[in-house]
Amino acid sequence: MVTSMKMPGAISNRVFANWWTWAEEQNGDLVAAFAPHEDYGPGAEMQIVDTALETAKRSVLGRLRGFYKIKTLAPNVCRVMLVAQGDAGGSITKQAMAWAVKYSLGMTKSLQDNVALGKAKATLDCSAKEACAYQVAACGREKMRRSRGAGDRARLVIKEQTKHDFEMAYVAKLPFPLTNREFLTRYLSFKKQTDDLVVVFEALADNTTVDYGGNFKVVHAKTRGFFRFKPINNDTQCEATLVQHGDAGGFVPTRVTVAKIPQALSGVAEMRELFQRDVAIDGAERSDRAASINTSKQPYLLDENSLVDEVGAKFASLPAFEELDSPDHFVEMSSVFKEWSSTATGRATTIVDAPVAEVAAWELAKMSRENQKGHVKFGGLDRNLKKINDHQDIFHVVYDLSIPTFLPRQFVSRIVWKWAADKKELTVVANSVEHTDFPERKKYQSASSTVMVKYKQEADVGGIPQTKVTWTQQVDLGGRIPKWVQNRQGVGQLMYLSRMRKRFDRSLELDGKKREELQRKKATYDKNDGRALGYRLTYPDEKNKKTPSEAVAHIVELHKGLSELSQEYPWIVAFLEEVLLGGLHRNKAVSTKLACLSEAEARKIGKNLPGALRARKTADAGVYQWKNQNPSMEELFEKYPWVEEMVLTMGEELLKNAAWGLWFRVITGSGLSMVDLATDINVIRVYFEEGQKGYGWMMLGMVLASLFIQLVIVVGQNGTRGGWGELLRELLIVVSGLKPGVDAMRVVSNAEMDEHHLMDAKMELVCTKGSEMFCESIPGCILQVTALIQGGSRDKMGTKILSIVVSAITTGMGSAAISYDYDSDPEKRRKLPDFYGYLPDDGNKRTLMYVCMVINSALLLLFRSIGAALLMLADPKIFVAYMAGDHLLYLLQKLARGDFLYWLPSGY
């Protein structure tokens, strides 16, 4: 056989011509030997060599001799040994020769690129029968789910002889651009005399074909092996072993073959995960350990007592500890360390929601599955425990410091625990020792540690046992260690106490019990209490408090209901402060739920209230709009009704006292009425001066008619039932023209309706505004437009137009205000939701709507006044007919709706 080897760089390629022979030895091993061709004499074969040398130009003839020895280990498994001696010929460097040797010996590796042999072993938390049944159910739901999750193209049983003997097809997905592999396998399960259950599998013949119901390209692969399930612990658990040999077929890179080995052996890990009962097994072990700690009466040896005393004395003599920043605010941490020393001492303290014995049992169960998982998670490399007696263990552990150039640290410690005389405090100590079972190893740096853990029983909280745990640990990592490394490692080690606290954490249960207890002890406030608190907050009289925040905080502290509310919702002080400041801000609705509300969001809600109050005439309407914008306030009011009454009272007082509140409304209401009255009187004077006495007398009659109707309303509302003094005061208010302003003040201040009154303050305001509009503003506007169109002196044109505009605006504001107040009344919205509610809840949109209503009413009056004036000038009869028809349609519509009559309270 002639072979050519390509050499690196400028070195000439080599050609080797060898004779090959092979034979089988007596023990069954196969041997294949090779030697240079010239050792057996020249012959016709030389022509082949010469031809090879001519073909491979600039090649040099080399000599190679040796043999392959192949030993069979199992079916399709063998060991290959190659021994070779070569002469590359010519002159060649040492590095090139090394490359050639490596290339030649690497040929054996190519034999196994597509072949892999693996073994997996694990303890399963189930019986051997359960594990075997799962493995035999090759196409069960769980296996199909995992197969689809892995992206496999197909998985099906193609033939079933019996439940214990079947054939299946499985198409595994390989990474692009490799072709998927098809495995055709026969499974056979049986029981051995040792009670072990075995499932063996072997590849089917190469000529087996399967119809997958679709066309996709695959490469045929082979696998064989076995599962063995050995019962242990009275068959509550079993030991699962998988040995598997695989041939991927075709050409698969070694890295892909190696990467697929864990997946091929994942059947054991899959069963381990499926049947795991870590919590139950750890719980049983912990219960046994806790019972042993509580009941153990084993005598202590002298050296055991000495160890406990020595460790206690060692830590008692240490200097003051330096506080560390703890990642867990429930765990206090501190340390003592000298720069560039290898020794550091740390201390951590926390409260654990469990009895002493249970907490200690969890920590002493070093080999529990939970602790082993945590060990690996936090850089653990090895972990072993040797039990000496019920209160003494030898513990071996290795940690990777995760710092470049630092070797992993190995600790071997002797652990002893002991109760105090009153059995209320348990002390666990650990000190480094040398032990023959755990010798020093070169790849680890030996380290030492001394630990003392005190578990002290504390008073129960809400029926839940409490244990104070103090963990003190001195560690010598060996070598020269900077302080930042020691602190980092120290905090990491002390965080074990945080893990312990979280493991037994019952905060939700404790908080629930505290809430229940608080609920039982809560102050039971009603609406009267809420109103009293509203007055108290609005007028704090806290002269020694410099800021509103301090005043509010002091009042909250003094009153039990507010104090309890602030404990449940810490933002309540900030919220009340913003309400009482009464500043006008842009309305920003907050949709956050009550339970998730932050202080910043509570401040926004508090700032929204004054704006809502300003947009409405009453505190009730303003608060109603405000709470609809902020759902968290609806939740709060539903939970604590007295809080709504408190906020409502604060809103009422805020409307009275704020610069934009009561006085703004009073000035606006009375001011517009007085301006309208003044412009009308001025126009009457102009009419008499210009000789338009008819218009002057009609305007005067309209003004007097408005005042007369208002007087009638006052007499009907008050009569003499409230006394002559009250009646005369109300009549004087009407004659002075201040009636609209006074009515507005009564509505804003929520004036109570006396027993002798026929209507409430809001209805009285509507009647007064109505008499003003329908007796003075509307007919006066029509009359003035008519006079303006008919003619007259142009010298007073500005005065006449001003009076018309003022009348239109007064009418527009009056009618818009009546509609606005009625629609935004919470009580009316609750009783008649189909009729009231056209105004939006958003404050900005509601203000825009109000402005539009005013403009619309004013312009409508102006346009209709112009039309009416033109009709009167054309033919007064047409005007009378138009007005009669218009009012008739309105009254018919009221009759149809059923609201034609208004029932006044008679007192009987």
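As recorded in an unreviewed UniProt entry, the protein goes by START domain-containing protein and comes from Tetraparma gracilis. Per its UniProt entry, the protein bears the Subcellular location (unreviewed entry) comment "Membrane". In UniProt, the protein has this text filed under Sequence similarities (unreviewed entry): "Belongs to the XK family."

A. Local environment of the overall build of the protein. In terms of regular secondary structure, the protein is built from 29 helices and 22 strands. Scored against the burial criterion, the 908 residues of the protein give a buried share of 42%. At a minimum sequence separation of 6, the contacts of the protein that also span at least 24 residues come to 63%. Only carbon and sulfur atoms are counted for the fraction: they give 58% of the accessible area of the protein, which is about 49500 Å².

B. Spotlight on the side chain of Arg-289. Relative to the helices and strands, Arg-289 resides in helix H7 (residues 278–295). With residues up to four places along the chain from it excluded, the contact list for Arg-289 reads Ala-361, Leu-364, Asp-390, Asp-393 and Trp-417.

C. Region of the structure containing the pairing of strand E19 (residues 425–432). Alignment of strand E18 (residues 409–419) against E19, held across seven bridges, turns out to be antiparallel. The residue of E19 that forms the bridge with Ser-413 is Ser-432. The loop that links E18 with its antiparallel partner E19 comprises five residues; one of these, Lys-423, has a positive phi angle of about 55°. Bridging between E19 and strand E21 (residues 448–461) involves seven bridges; their strand directions are antiparallel. When the sheet's bridge partners are listed, Asn-431 is paired in E21 with Thr-450.

D. Geometry of the packing of helix H22 (residues 693–718) against helix H23 (residues 724–735). Contact geometry of H22 with H23 gives a least axis separation of 9 Å together with a crossing angle of 160°. Taken together, the axes of H22 and H23 lie roughly antiparallel to each other. As for the relative orientation of H22 and H23, their crossing is right-handed in sense. On H23, the residues touching Leu-707, Gln-710, Leu-711, Val-714, Val-715 and Asn-718 of H22 are Glu-726, Leu-727, Glu-730, Leu-731, Val-734 and Val-735. For the contact of H22 with H23, a count of residues per class yields eight nonpolar, two polar and two charged.

E. Highlighting the UniProt feature "transmembrane region" (unreviewed entry) in the protein. The UniProt entry lists residues 695–715, 801–820 and 848–873 under the feature "transmembrane region" (unreviewed entry), expressed in the numbering used here. This span, residues 801–820, is 100% helix and 0% strand, and a straight line between its end C-alpha atoms measures 28 Å. As a span, residues 848–873 carries 100% helix and 0% strand, and end to end its C-alpha atoms are 38 Å apart.

F. Highlighting the confidence of the model for the protein. Counting all residues, the mean pLDDT for the protein is 79, and 82% of those residues have values of 70 or more. The element-level mean pLDDT for the protein is lowest in helix H1 (residues 45–55), coming to 52, with strand E10 (residues 197–203) highest at 91. Every residue in residues 107–113 scores below 50 in pLDDT, and together they form eight contacts with partners more than four places removed in sequence or on other chains.

G. Seen up close, empty space enclosed by the protein. Throughout the structure, instances matching the rule amount to four cavities of 30 Å³ or more. In this structure, the second largest cavity occupies an estimated 110 Å³ of space. Looking at the second largest cavity, the residues that line it are Ser-673, Leu-677, Val-703, Ser-706, Leu-707, Gln-710, Val-734, Gly-737, Lys-739, Pro-740, Glu-772 and Glu-776. For the lining of the second largest cavity, the elements supplying multiple residues, two or more each, are helix H21 (662–689), H22, helix H24 (739–748) and helix H25 (761–790). Considering each element in turn, the lining of the second largest cavity owes the most residues, four residues, to H22. Across the lining of the second largest cavity, the residue classes tally to five nonpolar, four polar and three charged.

H. Structural view of the pattern of salt bridges. With the rule as written, the count across this model stands at 32 salt bridges. Note that Glu-425 and Lys-454 form a salt bridge whose closest N and O atoms lie 3.7 Å from each other. A residue pair is termed long-range when its members are at least 10 positions apart, and Glu-425 in strand E19 and Lys-454 in strand E21 qualify at 29 residues. Lys-454 sits in the partly exposed class, given a relative accessible area of 28%. Linking Arg-531 and Glu-652 is a salt bridge whose minimum nitrogen-to-oxygen distance equals 3.3 Å. Here Glu-652 lies in helix H20 (residues 641–657) and Arg-531 lies in helix H13 (residues 527–538), a separation of 121 residues in the sequence. Classification of Glu-652 as buried rests on a relative accessible area of 6%. Through salt bridges with shared partners, a single network forms among Asp-125, Arg-272, Asp-278, Arg-369 and Lys-373.

I. A look at the side chain of Thr-349. Assignment of secondary structure puts Thr-349 in strand E15 (residues 343–352). Apart from residues no more than four positions distant in its own chain, Thr-349 is found in contact with Phe-330, Val-331, Glu-332, Lys-468, Val-469, Thr-470 and Leu-497.

J. Unusual backbone geometry, seen in detail. With a phi close to 75°, Asp-195 is a non-glycine residue in the positive phi region. Looking at the element boundaries, Asp-195 is found in the loop between strand E9 (180–191) and E10. In the Ramachandran plot, Asn-233 falls in the positive-phi region, its phi being about 55° despite a non-glycine side chain. Judged by its relative accessible area of 47%, Asn-233 falls in the partly exposed class.

K. Layout of a nonpolar patch on the surface. Side chains of Ile-789, Val-851, Ile-855, Leu-859, Phe-863, Ile-866, Leu-870 and Leu-873 sit close together on the surface and give an oily, nonpolar patch of about 700 Å² of accessible area. When you line up the elements, Ile-855 lands in helix H28 (residues 843–874). Owing to a relative accessible area of 46%, Ile-855 belongs among the partly exposed residues under this scheme.

Scoring rules and cut-offs
Residues numbered from 1 in each chain as written. Predicted model: local features only at pLDDT ≥ 70, side-chain atom pairs only at ≥ 80, totals over all residues. Heavy atoms only, no water. UniProt positions renumbered as here; feature names shortened; annotations may be inferred. Helix = DSSP H or I, 4+ residues; strand = E, 2+ residues; numbered from the N terminus. Buried < 20%, exposed > 50% of the residue type's maximum accessible area, 1.4 Å probe, protein only. Contact = heavy atoms within 4.5 Å. Areas by Shrake-Rupley, 256 points an atom, 1.4 Å probe, with all protein chains shown as cover. Pairing = 2+ DSSP bridges. Axes fitted to C-alpha atoms, helices over the stretch in contact; angles between N-to-C directions. Parallel < 35°, antiparallel > 145°, perpendicular 65-115°, else oblique. Left-handed = near helix turned anticlockwise from the far one by under 90°. Nonpolar A, V, L, I, M, F, W, Y, C, P; charged D, E, K, R; others polar. pLDDT = per-residue confidence, 0-100. 1 Å grid on protein atoms, 1.4 Å probe; cavity = no way out; pocket = protein on both sides within 12 Å on 5 of 7 lines; lining within 4 Å. Points joined across faces, edges and corners; volume = space filled by probe spheres on them. Salt bridge = Lys/Arg side-chain N within 4 Å of Asp/Glu carboxyl O. Patch = residues over 30% accessible without salt bridge, like charges linked within 9 Å, V, L, I, M, F, W, Y side chains within 5 Å.

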